[in-house]
Amino acid sequence: MDKILVTGSDGFIGSHLTEELVKRGYSVKAFVYYNSFNTWGWLDTLPADIMKNVEVFQGDVRDPNGVREAMKGCDAVFHLAALIAIPFSYHSPDTYVDTNIKGTLNVLQAARELDNMRVLVTSTSEVYGTAQYVPIDEKHPYQGQSPYSATKIGADRLAESFYRSFNLPVTIVRPFNTYGPRQSARAVIPTIITQLLAGKKEIKLGSLIPTRDFNFVKDTANGFIEIYRSDRTVGEEINIATQQEISIGQLAEELIRQISPEARIVCDEQRLRPEKSEVNRLLGCNAKIKELTDWQPKYTFEQGLAETIEFLRHNLDKYKVDIYNL
């Protein structure tokens, strides 16, 4: 089986992807963000029988030398390392340019130098901005409604340029909103669930109007692998989406009903995006991924929420419920 480097493997989606690749028999090298505590993020929580098959490389995607060294001996790289929190991008955009754009350039340059290695670059549905039509397919216009989305648009276009200019076998993988176990509280689903599990009676949220297309994380991980397995996906941009939407308000009411019916929603001003920055509707088209690969979502929204609630119930101590997580 191929040897695959996963950047951002210590994070939410990356740890699930690392785990699934090992289960499928791939040789995996996990690129984790260097820190002096020698912690590997969510990889530290994976079972020993998984981690014994994972080679861990500590580094920083902003460093081209470390990236090149990590990629040596691999057949492909799944590039997930990125800064992703939208509110944090409002006041620290420089770090997003350095990590998301320069980090992606480092991966692309190294892949080109290392015999045109296969590259999967992780995009985001945020590059589309508020839907101009639905379902949003891969031809939808881009709109940089936050510094975060602008840097992801830049990274995507760099990836496209390396495919067109150098024939580098690149695929841009574009998941819509992923949720599930191990997600940080900067995302809306764990934000709601952790407040409810902590016994809060007033659930603090931003706007309730926006709609989102939610992928369960295990379906997202399988999407990456199926895209990699298909020769038809090189040079393509591909959504991973359920083609179903729910508003944040509807989502919150459902979780309240399941966990703590007496709770109510209150608006927390600091959680509101600037008006022109809020993405009001995301509903993805999944026709392309189904046409080019064998991917099908395996989890219903209800099943995914149940697994997420159960995980958070047993890991609530890892979340600072009283602090707004950017």
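Look above for the structure.
Conventions adopted
Starting from 1, residues in each chain are numbered consecutively following that chain's sequence as written. In keeping with the predicted nature of the model, local features appear solely for residues at pLDDT of at least 70, side-chain atom pairs appear and are counted solely at 80 or more, and the whole-chain, interface and lining totals rest on all residues. Water and hydrogen atoms play no part in the side-chain values, which are based on all heavy atoms of the structure. Buriedness of a pocket was judged along seven lines, with at least five required to meet protein on both sides within 12 Å; pockets are open sets of points on a 1 Å grid over the protein atoms alone, cavities are sets where a 1.4 Å probe fits but cannot get out, and lining residues have an atom within 4 Å of a point. Grid points are joined across faces, edges and corners, and a volume is the space filled by probe spheres set on the points. The secondary structure listing takes helices from DSSP runs of H or I that are at least 4 residues long and strands from runs of E that are at least 2 residues long, numbered from the N terminus. The nonpolar class holds Ala, Val, Leu, Ile, Met, Phe, Trp, Tyr, Cys and Pro. Asp, Glu, Lys and Arg form the charged class, and all remaining residues, Gly among them, are polar. We define the nonpolar core as a collection of buried residues of types Ala, Val, Leu, Ile, Met, Phe, Trp, Tyr and Cys that are connected through side-chain atoms lying within 4.5 Å of one another. Under the scheme applied here, a residue whose accessible area is under 20% of the maximum for its type counts as buried, over 50% as exposed, and between as partly exposed, the area being computed with a 1.4 Å probe on protein chains only. Two residues form a contact once any of their heavy atoms are found within 4.5 Å. Strands qualify as paired when DSSP identifies two bridges or more between them. Axis lines are fitted to C-alpha atoms, over the contacting stretch for helices. Their N-to-C directions set the angle, which ranges from 0 to 180 degrees. Salt bridges, as used here, are contacts in which a Lys or Arg side-chain nitrogen is within 4 Å of a carboxyl oxygen on Asp or Glu.

Q: Got a minute to help me understand the layout of surface pockets in this structure?
A: One water molecule sets the probe size; rolling that probe over the atoms shows where empty space is left. The calculated volume of the second largest pocket comes to roughly 240 Å³. Around the second largest pocket sit 15 residues that line it, and Phe 214, Thr 242, Gln 244, Thr 300 and Phe 301 are the ones nearest its centre. Breaking the lining of the second largest pocket down by element, the ones donating at least two residues are strand 10 (215-216) and helix 11 (301-314). Tallied by class, the residues present in the lining of the second largest pocket amount to seven nonpolar, four polar and four charged.

Q: I would appreciate a short explanation of the nonpolar core in the present structure.
A: It is characteristic of soluble globular proteins that their nonpolar side chains tend to be buried jointly. Within the largest apolar cluster, 57 residues are counted, with the highest numbers of intra-cluster contacts made by Leu 17, Leu 21, Phe 78 and Phe 224. The biggest single contributor to this core is helix 8 (residues 217-229), with six residues. Not counting chain neighbours up to four residues away, the residues in contact with Phe 78 comprise Ile 4, Leu 5, Val 6, Thr 7, Leu 17, Leu 21, Leu 120, Phe 224 and Tyr 228. In this structure, Cys 74, Met 117, Val 119 and Leu 168 belong to the second largest nonpolar core, which totals 22 residues.

Q: Can you walk me through the sheet that holds strand 5 (residues 118-122) in this structure?
A: Adjacent strands of a sheet form backbone hydrogen bonds with each other and so pair up, either parallel or antiparallel. If you trace the seven strands from one edge of the open sheet to the other, you get 3-2-1-4-5-6-11, paired in parallel fashion. Unpaired on one side and paired on the other, strand 3 (54-59) and strand 11 (237-240) mark the two borders of the sheet. Strand-to-strand twist of the sheet, defined as the mean angle between neighbouring strand axes without regard to direction, takes the value 20°. Sheet analysis places strand 1 (residues 3-7) next to strand 4 (residues 76-79), joined by four bridges and oriented parallel. Bridge pairing links Leu 5 to Val 77 in strand 4. Across the sheet, helix 3 (residues 64-71) is in contact with strand 1, strand 2 (27-33), strand 3 and strand 4; its angle to strand 2 comes to roughly 165°. In the packing of helix 5 (residues 93-113) onto the sheet, the strands contacted are strand 4, strand 5 and strand 6 (170-175), and the crossing angle to strand 5 comes to about 170°.

Q: Mind showing me how you'd approach the pattern of salt bridges here?
A: Pairing is possible between side chains of opposite charge, provided their charged atoms come close. Counted according to the given criterion, the structure contains 27 salt bridges. Note that Arg 62 is salt-bridged to Asp 60, the shortest N-O span being 2.7 Å. Notably, a salt bridge pairs Lys 288 with Glu 236, separated by 2.7 Å at the nearest N-O pair. Note that Lys 288 is positioned in helix 10 (residues 287-292) and Glu 236 in the loop between helix 8 and strand 11, a separation of 52 residues in sequence. Glu 236 sits in the partly exposed class, given a relative accessible area of 28%. Taken together, the shared-partner salt bridges connect Asp 156, Arg 157, Glu 160, Arg 164, Arg 174 and Glu 237 into one network.

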